[in-house]
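Below, each chain spelled out in residue letters.
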Amino acid sequence: MPPPSDIVKVAIEWPGAFPKLMEIDQKKPLSSIIKEVSDGWSLPNHENYSLQHADGTSFYITEKNRNEIKHGAILRLTTSPAQYALELHGRIQSASMDSKLEALKDLARSSRDVTFAQEFINLDGVSLLTQLVESGNERYQKLQKIMKPCFGDMLSFTLTAFVELMDHGIVSWDTFSVAFVKKIASFVNKSTNDSQILQRSLAILESMVLNSHDLYQKVAQEITIGQLIPHLQGTDKEIQTNTIAVINALFLKAPDDRRQEIALILAQKQLRSIILTHMIRSQDAVVGEMAHQLYVLQVLTFNLQEERMMTKMDPQDQAQRDIIFELRRIAFDAESELNNIGGSIEKRKSMYTRDYKKLGFINHVNPAMDFTQTPPGMLALDNMLYFAKNHQDSYIRIVLENSSREDKHECPFGRSSIELTKMLCEILKVGELPSETYNEFHPMFFTHDRSFEEFFCICIQLLNKTWKEMRATSEDFNKVMQVVKEQIMRALTTKPSSLDQFKSKLQNLSYTEILKIRQSERMNQEDFQSRPILELKEKIQPEILELIKQQRLNRLVEGTCFRKIYSRRRQDKVWYCRLSPNHKVLHYGDLEESPQGEVPHDSLQDKLPVADIKAVVTGKDCPHMKEKGALKQNKEVLELAFSILYDTNGQLNFIAPDRHEYCVWTDGLNALLAKDMTSELTQNDLDTLLSMEIKLRLLDLENIQIPDAPPPIPKEPSNYDFVYDCN
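Every chain is numbered on its own, with residues counted from 1 as its sequence reads. Local features in a predicted model are, by the rule used here, given only for residues with pLDDT of at least 70; side-chain atom pairs are given and counted only at 80 or more, and totals for whole chains, interfaces and linings are based on all residues. Computation of side-chain values: all heavy atoms of the structure, hydrogens and water removed.

Comments concerning the overall build of the protein
For step 1, the next point in the chain: For the purposes of this entry, the term helix denotes a DSSP run of H or I that reaches at least four residues, the term strand denotes a run of E that reaches at least two, and both are numbered from the N terminus. The secondary structure content of the protein amounts to 32 helices and eleven strands.
For step 2, the next point in the chain: Residue burial is assigned from relative accessible area. The probe radius is 1.4 Å, only protein chains are included, and a residue is buried under 20% of its type maximum, exposed over 50%, and partly exposed in between. Residues classed as buried in the protein amount to 45% of the 727 residues present.
For step 3, the next point in the chain: Considering only contacts in the protein between residues 6 or more positions apart, those separated by 24 or more positions represent 66%. Any two residues whose heavy atoms approach within 4.5 Å at even a single point are treated as in contact.

This is the structure we're talking about:
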């Protein structure tokens, strides 16, 4: 008799018959179980049948995923994927339009299952779909005219099925013809009232560009930015998101010498202004996939600065040296002085050296040498020239103000600009590829065509202001830069909606305010070292840990929406997982779209008893990180991955939406398994709550110094003949 852990009790359905309750032995071949079920209903040819989940997902059960079957699951005996694929393949080619439409609808739904998808692809099904889409089918052209609604539905289901089949990564994108690319592009280029066709076509174009160099070339020839812009001006958020995704893909895969050209086209087409008006400001909050695509566009736009950032200045290049001359001319209006000056070349050189020193260059004789370090290279000089030309009054004021100070108290404009540019490149991650999971974009960078340069102009004025507030000297340069970085980072975390609002935030983050914030945080995080405080801390720490544990479990009860991420490209598919209120069962299941609130337990199809969990593993130890090589190389995804292992080979794989959710779930799962919560979030919460609790308990002792050691015990009295006289 097989052990109880290998037995799963399920119900199996068959149309027109009462469900059959039976026990499945997981050690027994699946084909034997299907034969047993088929024989029970006297069905011949058991090899033509398969088991399928009856929970709405309709996924086939195979030897690979059979361990996911849970006690109490409802299964369905149905046609095998090979037979069903053959049936749909024939029905799609039917002369009856109704039959063809229903077959395509069934195909679009069934193609989500990889087992069925493999069988349909083996029948050259993807080629069949591309033939239906391509313009060579004259009959379809006629149908489009006489049966436009039917044709629209048919095309929509055809494209949906195509997307689902290609999402499994079985078929290479390099196999598609120019005619197919042109047809898909035509659905995007021409105005259409069918949002499903447009959305699927945009998704296909994005995948073509991201997964095939040859198809990128073909798509780039068929699609122009001008043809994509109108799709951003509508109200359909999914179409807007897919459109930005196509633009990002074209941007990302473009050769280096083509990206600046694309950026120029985007500027001419007012893409930034359109995004700001129709996407960012037209809704309360930009979240989810749209936020991710705007973040990607922001990163790609800033990466245009990488070439200049990594370009060293050539001291022999007269055009580059002219920029330095222009900085000097604007600051000191030196042209008239040069024309009137007499004397030797030495006098002229002396005057140049004097002015370059006032401009704050490190090398006063040849300031071109200051720009030979990369990063920031020539980008720093570009920023300085932009500031001098577009904010001339502020530029002249900063230069003249510092040149009139004592040498040790002057804020060197040249050196400051170079170091600040380098810092801004680090903050904005210039030159790094976009993250697959990150979706934090800054709306203010979409409010100006030269947002990076304007960002620099605001920050260089902040640096000069902070320098004065700190009464800094040249020895304090690095300290000032640290304070400025903190001011910038704190202002950015508030997500200002415009550059003016960012500037206002910085005004409220003066050096004095930064000191107050630092002192407050230091007090909150201070680890009191006196012995009585340490003893008090040790006493109340278990209470705090229990509080944190309850918070983590409550968050698991609320549940979280997780995104399914594939090795080939980012996907829109999501699933939800939450803990039951009694902390006994994890409920989970796929969703069509991201939920607006909590998802009820009864709407989640699958269950996992907490008692069945064997272990929780993270990072590279996760099974799904070992299987998908591409994901394994993505460090950010790797750091958000964790898995629940149960039974013999059962696994439930997660990729958290962000680091906070990762910490919450790994802590919560460890708490369920009676293990220590080891995340950095737990440590931060513990430090914060301990500090607060200790301060609350010591309120009555304010301004009273607590001794490091307890008072000494007095000597014993000579006798114990004590009498207390009440009179």
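Some points on helix H11 (residues 225–232)
For step 1, the next point in the chain: Taken residue by residue, H11 has Ile-225, Leu-228, Ile-229, His-231 and Leu-232 as its buried positions. End-on, the buried residues of H11 take up no more than an arc of 160°, which puts them together on one face. The arc in question is formed by the directions pointing from the helix axis toward the C-beta atoms.

Examining the sheet that holds strand S1 (residues 7–13)
For step 1, the next point in the chain: The mixed open sheet is built from four strands, whose spatial order is S2-S1-S4-S3. The open sheet is flanked by strand S2 (20–25) and strand S3 (49–53), the only strands paired with a single partner. Adjacent strand axes in the sheet meet at a mean angle of 45° when their direction is disregarded.
For step 2, the next point in the chain: Sheet analysis places S1 next to strand S4 (residues 74–79), joined by three bridges and oriented parallel. Across the sheet, residue Glu-13 finds its bridge partner in S4, namely Arg-76. DSSP-based pairing: two strands are paired if at least 2 bridges between them are found. To get an axis, a line is fitted to the C-alpha atoms, and for a helix only the part in contact is used. The angle between two axes follows their N-to-C directions and goes from 0 to 180 degrees.

With respect to helix H3 (residues 97–110)
Owing to its 3.6 residues per turn, the α-helix aligns residues three or four sequence positions apart on the same side.
For step 1, the next point in the chain: The length a helix should cover is 1.5 Å for every residue beyond the first. Between its first and last C-alpha atoms H3 spans 20 Å; for 14 residues at 1.5 Å apiece the expected length is 20 Å, and the two agree.
For step 2, the next point in the chain: All of the buried residues along H3 are Met-97, Lys-100, Leu-101, Ala-103, Leu-104, Asp-106, Leu-107, Ala-108 and Ser-110.

Here's the deal with the packing of helix H23 (residues 451–470) against helix H25 (residues 499–507)
For step 1, the next point in the chain: Where H23 contacts H25, the two axes come as close as 11 Å, and the packing angle between them is 15°. In terms of their interaxial angle, H23 and H25 are classed as roughly parallel. Remark: the crossing between H23 and H25 carries right-handed chirality. Judged by residue contacts, Glu-454, Phe-455, Ile-458, Cys-459, Leu-462 and Lys-465 of H23 engage Leu-499, Phe-502, Lys-503, Leu-506 and Gln-507 from H25.
For step 2, the next point in the chain: Residues are grouped as follows: Ala, Val, Leu, Ile, Met, Phe, Trp, Tyr, Cys and Pro are nonpolar; Asp, Glu, Lys and Arg are charged; all remaining types, including Gly, are polar. Looking at the contact of H23 with H25 residue by residue, the classes come out as seven nonpolar, one polar and three charged. The cut-offs work like this: below 35 degrees is roughly parallel, past 145 is roughly antiparallel, 65 to 115 is roughly perpendicular, and the gaps in between are oblique. Left-handed is the label given to a crossing in which the near helix is rotated counterclockwise from the far helix by less than a right angle, and right-handed is the label when the rotation is clockwise.

Considerations on the pattern of salt bridges
For step 1, the next point in the chain: Think of a salt bridge as a Lys or Arg side-chain nitrogen and an Asp or Glu carboxyl oxygen that are within 4 Å of each other. According to the stated counting rule, one finds 27 salt bridges in the structure shown.
For step 2, the next point in the chain: Residue Glu-289 is joined to Arg-563 by a salt bridge in which the shortest nitrogen-to-oxygen separation is 3.7 Å. Residue Glu-289 is found in helix H15 (residues 288–302), and its partner Arg-563 is found in strand S5 (residues 560–565); the two are separated by 274 residues along the sequence. Each member of the pair, Glu-289 together with Arg-563, is buried.

Some remarks on the side chain of Ser-394
For step 1, the next point in the chain: As for its placement among the helices and strands, Ser-394 is situated in helix H21 (residues 392–403).
For step 2, the next point in the chain: Exposure remark for Ser-394: the relative accessible area of 18% places this residue in the buried category.
For step 3, the next point in the chain: Beyond its immediate stretch of four places on either side in the chain, Ser-394 contacts Phe-387 and Gln-461.

A closer look at the nonpolar core
For step 1, the next point in the chain: Counting residues in hydrophobic clusters, the biggest one holds 81 residues, and the most contacted among them are Phe-162, Ile-184, Met-208, Leu-232, Ile-275 and Leu-294.
For step 2, the next point in the chain: Those residues in contact with Leu-232 that sit more than four places away from it in its chain are Gln-240, Thr-243, Ile-244, Ile-247, Leu-271, Ile-274, Ile-275, His-278 and Met-279. Working definition of a nonpolar core: buried Ala, Val, Leu, Ile, Met, Phe, Trp, Tyr and Cys residues. They are joined through side-chain atoms within 4.5 Å.

With respect to the pairing of S3
For step 1, the next point in the chain: The element S3 is largely enclosed, with a buried count of five among its five residues.
For step 2, the next point in the chain: The alternating pattern of S3 places Tyr-49, Leu-51 and His-53 and Ser-50 and Gln-52 on opposite faces, both of which are buried.
For step 3, the next point in the chain: Bridge count for S3 against S4 is five bridges, and the pairing is antiparallel. In the sheet register, Tyr-49 faces S4, and the bridge partner there is Thr-79.

Quick look at the packing of aromatic side chains
For step 1, the next point in the chain: Working definition: rings of Phe, Tyr and Trp (its six-membered ring) pair if their centres are within 6.5 Å, and the pair is stacked with planes under 30 degrees apart, edge-to-face with planes over 60 apart, and tilted otherwise. For the structure on display, the rule yields 32 aromatic pairs.
For step 2, the next point in the chain: Between Phe-162 and Phe-180 the ring centres are 5.1 Å apart and the planes differ by 55°, which places this aromatic pair in the tilted class. A residue pair is termed long-range when its members are at least 10 positions apart, and Phe-162 in helix H7 (residues 148–166) and Phe-180 in helix H8 (residues 178–189) qualify at 18 residues.
For step 3, the next point in the chain: A connected cluster of aromatic rings, assembled from ring pairs, spans Phe-562, Trp-575, Tyr-588, Phe-642, Phe-654, Tyr-662 and Trp-665.
For step 4, the next point in the chain: In this scheme, Lys NZ or Arg CZ marks a charge over a ring once it lies within 6 Å of the ring centre and within 35 degrees of the ring normal. The ring of Trp-41 is capped by Lys-20, whose NZ or CZ atom sits 4.5 Å from the centre of that ring.
For step 5, the next point in the chain: Here the basic side chain of Arg-415 rests over the ring of Phe-477, its NZ or CZ set 3.8 Å away from the ring centre.

Let's talk about the sheet that holds strand S11 (residues 650–655)
For step 1, the next point in the chain: Strand order in the open sheet made by the three strands is S9-S10-S11, with antiparallel pairing throughout. Two strands bound the open sheet, and with one partner strand each, they are strand S9 (613–618) and S11. Across this sheet, the average inter-strand angle for adjacent strands is 15°, counted without regard to direction.
For step 2, the next point in the chain: Strands S9, strand S10 (641–646) and S11 of the sheet are contacted by helix H31 (residues 659–672), whose axis makes an angle of about 25° with S10.

Digging into the environment of Ala-615
For step 1, the next point in the chain: Tracing the backbone shows Ala-615 in strand S9.
For step 2, the next point in the chain: Classification of Ala-615 as partly exposed rests on a relative accessible area of 21%.
For step 3, the next point in the chain: Along the backbone, Ala-615 and Gln-651 are 36 residues apart, and their C-alpha atoms lie at a distance of 9.7 Å.
For step 4, the next point in the chain: Dropping the residues within four chain positions of it, Ala-615 is found in contact with Ser-643, Ile-644, Leu-645 and Leu-673.

Focus: the environment of Lys-549
For step 1, the next point in the chain: Looking at where Lys-549 falls in the secondary structure, it is placed in helix H27 (residues 531–558).
For step 2, the next point in the chain: Lys-549 gets classed as partly exposed once you look at its relative accessible area, which sits at 27%.
For step 3, the next point in the chain: Spatially, the C-alpha atoms of Lys-549 and Met-677 are 8.1 Å apart, while their sequence positions differ by 128 residues.
For step 4, the next point in the chain: Apart from residues no more than four positions distant in its own chain, Lys-549 is found in contact with Ala-671 and Met-677.

Thoughts on the confidence of the model for the protein
For step 1, the next point in the chain: Confidence of the predictor at the level of single residues is captured by pLDDT, which takes values from 0 to 100. Counting all residues, the mean pLDDT for the protein is 86, and 88% of those residues have values of 70 or more.
For step 2, the next point in the chain: Considering only residues more than four positions removed or in separate chains, one finds that residues 136–140, a stretch of pLDDT under 50, has seven contacts.

A look at the pairing of S1
Within a regular strand, side chains alternate between the sheet's two faces.
For step 1, the next point in the chain: Of all seven residues in S1, five are buried; the element is thus mostly enclosed.
For step 2, the next point in the chain: Here S1 folds back onto S2 in antiparallel fashion, the turn holding six residues, of which Gly-16 has a positive phi close to 85°.

A look at unusual backbone geometry
For step 1, the next point in the chain: The linkage connecting Thr-374 with the following residue, Pro-375, adopts the cis geometry, with an omega of -15°.
For step 2, the next point in the chain: Summarising the element assignment, Pro-375 is placed in the loop between helix H19 (345–358) and helix H20 (378–390).
For step 3, the next point in the chain: Cis rather than trans, the peptide bond between Pro-375 and Pro-376 has omega equal to 10°.
For step 4, the next point in the chain: Counting through the fold element by element, Pro-376 comes out in the loop between H19 and H20.
For step 5, the next point in the chain: Backbone geometry places Asp-124, a non-glycine residue, at a positive phi of 60°.
For step 6, the next point in the chain: Tracing the chain through its elements places Asp-124 in the loop between helix H4 (114–122) and helix H5 (125–133).
For step 7, the next point in the chain: The backbone phi angle of Arg-471 is positive, close to 50°, even though this residue is not glycine.
For step 8, the next point in the chain: In this fold, Arg-471 is placed in the loop between H23 and helix H24 (477–492).

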